[in-house]
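Chain by chain, the residues:
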Amino acid sequence: MYACGPTVYDYGHIGNFRTFIAVDLLYRFLRQSGYDVRYVMNITDLDDKIIRNAAAMGSPSSSTLRNTSRRFWRTRRR
């Protein structure tokens, strides 16, 4: 099962997580129904918003992406 992940240019918000809640419910339903499900999700790693925010913070895009990606995964695990 593939879910299109977020563009992690800033902190997550309810709009981001609505998609992941829906996909998580589908995943759990399929597993409960006996299906063997592999759940894959991408994170957009290059986007104008990422570049813009990195420039505003004075840091490389890769550093901004790494930090915002970590925040996303920490928040998602809660």
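Above this note sits the structure.
Every residue gets a number counted from 1 within its own chain, in the order that chain's sequence is written. With pLDDT at 70 or above as the cut-off, local features in this predicted model cover only qualifying residues; side-chain atom pairs require 80 or more to be listed or tallied, and sums for whole chains, interfaces and linings still use all residues. Hydrogens and water molecules were not included; the side-chain quantities draw on all heavy atoms of the structure.

Engineer: How would you sum up the overall build of the chain? Please name residues and give values.
Structural biologist: Across its full length, the chain carries three helices and two strands. Taken over C-alpha atoms, the radius of gyration is set against a globule rule of 2.2 Å times the number of residues to the power 0.38. The C-alpha atoms of the chain give 15 Å as radius of gyration, which overshoots the globular expectation for 78 residues (12 Å, by more than 25%). Viewed in the frame of its principal axes, the chain has a C-alpha envelope of about 50 × 20 × 15 Å. The buried label goes to any residue with under 20% of its type's maximum accessible area, the exposed label to any with over 50%, and the partly exposed label to all in between, with areas taken from a 1.4 Å probe on protein chains only. Classification of the 78 residues of the chain by burial places 26% in the buried group. The contact criterion used is simple: two residues touch if any of their non-hydrogen atoms lie within 4.5 Å. Within the chain, contacts between residues separated by at least 24 positions form 72% of all contacts whose residues are at least 6 apart in sequence. Accessible surface, the chain: about 5800 Å² in total, of which carbon and sulfur atoms supply 53%. His residues and chain termini do not enter the charge count, which takes Lys and Arg as positive and Asp and Glu as negative. Every charge is mapped onto a representative atom, which is NZ of Lys, CZ of Arg, CG of Asp or CD of Glu. Between the mean site of the 13 positive side-chain charges and the mean site of the 6 negative ones, the chain shows a separation of 7 Å. Put simply, DSSP H or I for four residues or longer makes a helix, DSSP E for two residues or longer makes a strand, and each gets a number counted from the N terminus. Computed with the Shrake-Rupley method and a 1.4 Å probe, the accessible areas treat only the protein chains shown as cover for residues.

Engineer: A description of the environment of Phe 17 should follow, citing residues and the corresponding values.
Structural biologist: Within the secondary structure, Phe 17 is located in helix H1 (residues 14-32). Along the chain, Phe 17 and Ala 55 lie 38 residues apart, while their C-alpha atoms are 26 Å from each other.

Engineer: Describe the nonpolar core, and please don't skip the residues or the numbers.
Structural biologist: Put simply, a nonpolar core is a bunch of buried Ala, Val, Leu, Ile, Met, Phe, Trp, Tyr and Cys residues held in one set by side-chain atoms that sit within 4.5 Å of each other. In terms of nonpolar packing, the biggest core is built from nine residues, these being Ala 3, Val 8, Phe 17, Phe 20, Val 23, Met 41, Ile 50, Leu 65 and Phe 72. Contributions of two or more residues to this core are made by H1 and helix H3 (61-77). Broken down by element, the residue count for this core peaks at three residues, all from H1. Among residues more than four places away in sequence, those in contact with Ala 3 are Val 23, Tyr 39, Val 40, Met 41 and Asn 42.

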